[in-house]
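Examining the three-dimensional arrangement
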Amino acid sequence: MAGPSPAQQLLAEASCPVCLELFQDPVSIPCGHNFCRGCIERCWENSRDLFPCPRCRDAAPERSLRPNRELGHIADIARGMLPAVPGTLCGRHRQPLRFFCREERALLCLVCGRCRLHRVVPAEEAAQEYEEQIQNCLQALKEEREKYLESRKSGAWRSFHQDKARSEGQRMVREFQELRRVLEEQERLLLEQLGSLDGAMGRAQDQALAKVSEELSQLDTLIWEMEGKFQQPPSLFLQDIQQLLDSCERMKFHPPAEISPDLERSLEDFIQRNILVRGALRRCQDSLMFLLQEPADLTLDPCTAHPHLHLSEDGKEARGHLVPRDVRDHPQRFDFEPCVLARGGFSSGRHFWEVEVGQGGVWALGVLRESARRRGPLSLTPKEGVWALEAFHSLTSPRANLLLRPPPRRLRVSLDYEGRRVAFFRAGDDVPILEYTRAAFNGERVLPWFKMGMGARLLEVTRNPLSPLAGQVVSPLDWVGFGFSLRICP
């Protein structure tokens, strides 16, 4: 029988008798035997007085380890002689990858495994566990795939979602039909009440006309009789003078009132009730618009921005600065009031957008007719083509709700072009803070409009940045209303 080959003998001589692997950092002990430094240190870690050799059991009086660099070189040479199969040897120690670290999920050699504090198991055991886990996962995926193919083949998935969509659509149709029925019923009742009032007023007018006709007939008779008396001689005329005077007193005409006070009160009550109904319908219309309609996608137009207004890159935010921008002057740009317009504008439809404003400061927002002037001071009135809500240091315009103290930090602007209406709301509220009706858009395009700060004060503070206000030195930005920015909400 043939003995071990020279290569096998070399590997045996270059292997540690403890770990049976090629030497790693080999050292010699007093008896002359060689071990990996890590192996002998683990063997001696509990020894205190005597340090026995794991191979010959000779005890040394002290812990003495001498590096054996020549043996280390021999081990490296032997390690290079091992077959280089990709993925089977440790790249660092050239040892077989026989172990697996669960925490790191990596293959290790014996030396790497001893250096780890994690849980290390044989590679075969780990491979079997992961194979079972992956097989279970694949089986579950196959079952899901089969279920999906079956549902796709039968159309059940599509039918379920289509049925759900149809059911939701039918529910919506029923709700709107019921709403229309209620509205039509209320419209019928209101028209019946109005018809009853109209009939009562017509009957009252007929009775008044009949009474007037009777009185006019009696008056004509008396006039005819009086005129006949005038033709008599004085002696006969004066004989019945007292009777004639009494008849003249009775000749006074007292026309009846057009309608009775009760009918007039009923008509006023109906008008007031109808105003409430119109308000409720308007709020319902606003609520549906805010729920079902997406807000208008606005971006600010830098060509219209006052030089002291700096716009964000996304065109959603305007912030005031005391240092003006170097921009080209043209008729579209505001030159006195620190204002800016949104792009596009509207010439039809219902639209809304929301704006975040600072708590305090000077700001205004609304819509502006495209032909409104942009040069010089701007009057914030519908007569000038501006429908706006304005705030000056938390004090809103007089037309706004007096309970608006302080103004909200987020506002919603609603535009109904055909309805000629502009309204301002707190975000999430359906009751307007301020409402303009019968707005004279004159068929023009209207543009969302924003203002920050005050034009006249801006000119003053840029000449003297530390102007006093009420005996105190304040921030110039606050003094002109530039303390906060305006931002169009996404």
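Note that the structure is a prediction, hence the values are computed from the model and not measured.

Parameters at a glance
- Residues numbered from 1 in each chain as written.
- Predicted model: local features only at pLDDT ≥ 70, side-chain atom pairs only at ≥ 80, totals over all residues.
- Heavy atoms only, no water.
- Helix = DSSP H or I, 4+ residues; strand = E, 2+ residues; numbered from the N terminus.
- Expected span 1.5 Å × (residues − 1).
- Buried < 20%, exposed > 50% of the residue type's maximum accessible area, 1.4 Å probe, protein only.
- Arc of directions from axis to C-beta.
- Polar contact = N/O pair within 3.5 Å; in protein donor to acceptor, adjacent residues only side chain to side chain.
- Pairing = 2+ DSSP bridges.
- Phe/Tyr/Trp six-rings, centres within 6.5 Å; stacked < 30°, edge-to-face > 60°.
- Salt bridge = Lys/Arg side-chain N within 4 Å of Asp/Glu carboxyl O.
- Core = buried A, V, L, I, M, F, W, Y, C linked by side-chain atoms within 4.5 Å.
- Contact = heavy atoms within 4.5 Å.
- Axes fitted to C-alpha atoms, helices over the stretch in contact; angles between N-to-C directions.
- pLDDT = per-residue confidence, 0-100.

A few words now on helix α3 (residues 69-81). For α3, built from 13 residues, the straight-helix expectation of 18 Å at 1.5 Å per residue is met to within 8% by its first-to-last C-alpha distance of 19 Å. Taken residue by residue, α3 has L71, G72, A75, A78 and R79 as its buried positions. Mapping the buried residues of α3 onto a view down its axis gives an arc of 120°, with all of them on the same face. Exposed and facing more than 90 degrees away from the buried side of α3 are R69, E70, H73, I77 and G80.

Here we come to the side chain of H308. Along the chain, H308 falls in the loop between α9 (261-292) and β9 (309-311). The buried category is assigned to H308, whose relative accessible area is 9%. There is a polar contact of 3.1 Å between the side chain of H308 and the backbone oxygen of L322.

What follows is about the pairing of strand β12 (residues 350-356). Most of β12 is tucked away: six of the seven residues are buried. With seven bridges connecting them, β12 and strand β16 (residues 410-416) associate as antiparallel partners. Each bridged residue has a counterpart across the sheet, and for R350 the counterpart in β16 is D416. Looking at chain direction, β12 and strand β22 (residues 486-488) are connected through two bridges and run antiparallel. Considered in β22, the bridge of V355 is made with I488.

Next up on the list: the packing of aromatic side chains. Applying the stated rule across the entire model yields six aromatic pairs. On the numbers, 5.0 Å between centres and 25° between planes, the contact of Y417 with F441 is stacked. With Y417 in the loop between β16 and β17 (421-426) and F441 in the loop between β18 (434-436) and β19 (446-452), the pair connects residues that are 24 residues apart, well separated along the chain.

Even without a glycine there, the phi angle at R57 is positive, about 70°. Tracing the backbone through its elements, the reader meets R57 in the loop between β3 (51-52) and β4 (59-60). Exposure remark for R57: the relative accessible area of 57% places this residue in the exposed category. Its identity as a non-glycine residue notwithstanding, R438 has a phi of 55°, on the positive side. Inspection of the secondary structure puts R438 in the loop between β18 and β19. For R438, a relative accessible area of 65% puts it in the exposed group.

Right, let's get into the pattern of salt bridges. Going through the model one piece at a time under the given rule, you end up with 17 salt bridges. With a shortest N-O distance of 3.3 Å, K451 and E337 are connected by a salt bridge. Of this pair, K451 sits in strand β19 while E337 sits in the loop between β10 (317-320) and β11 (339-341), placing them 114 residues apart in sequence. On the basis of relative accessibility, which here comes to 8%, the residue K451 falls in the buried class. According to the relative accessible area criterion, E337 is buried, its value standing at 9%.

We now examine the nonpolar core. Within the largest apolar cluster, 37 residues are counted, with the highest numbers of intra-cluster contacts made by W353, L365 and F450. Discounting chain neighbours no more than four positions away, the residues touching L365 are V355, V357, W387, A388, L389, L411, V413, F424, W449 and F450. If you look at the next biggest cluster of nonpolar residues, it comprises 18 residues, including F23, I40, F51 and A78.

Moving on, we get to the sheet that holds β16. Sheets are built from strands that pair by backbone hydrogen bonding, the pairs being arranged parallel or antiparallel. The seven strands lie next to each other as β9-β10-β22-β12-β16-β17-β18, forming an open sheet whose pairing is antiparallel. Here the strands that pair on one side only, and so sit at the sheet edges, are β9 and β18. Averaged over all neighbouring strand pairs, the angle between strand axes comes to 20°, with direction disregarded. Two elements, β16 and β17, share six bridges in a ladder whose sense is antiparallel.

Here the focus is the side chain of H351. Secondary-structure assignment places H351 in strand β12. Polar contacts involving the side chain of H351 include one to the main-chain carbonyl oxygen of S348, which spans 2.7 Å.

Quick look at the confidence of the model for the protein now. With 80% of its residues at a pLDDT of 70 or more, the protein has an overall mean of 78. Across residues 467-473, confidence stays below pLDDT 50; counting only partners more than four residues off in sequence or on other chains, it has five contacts.

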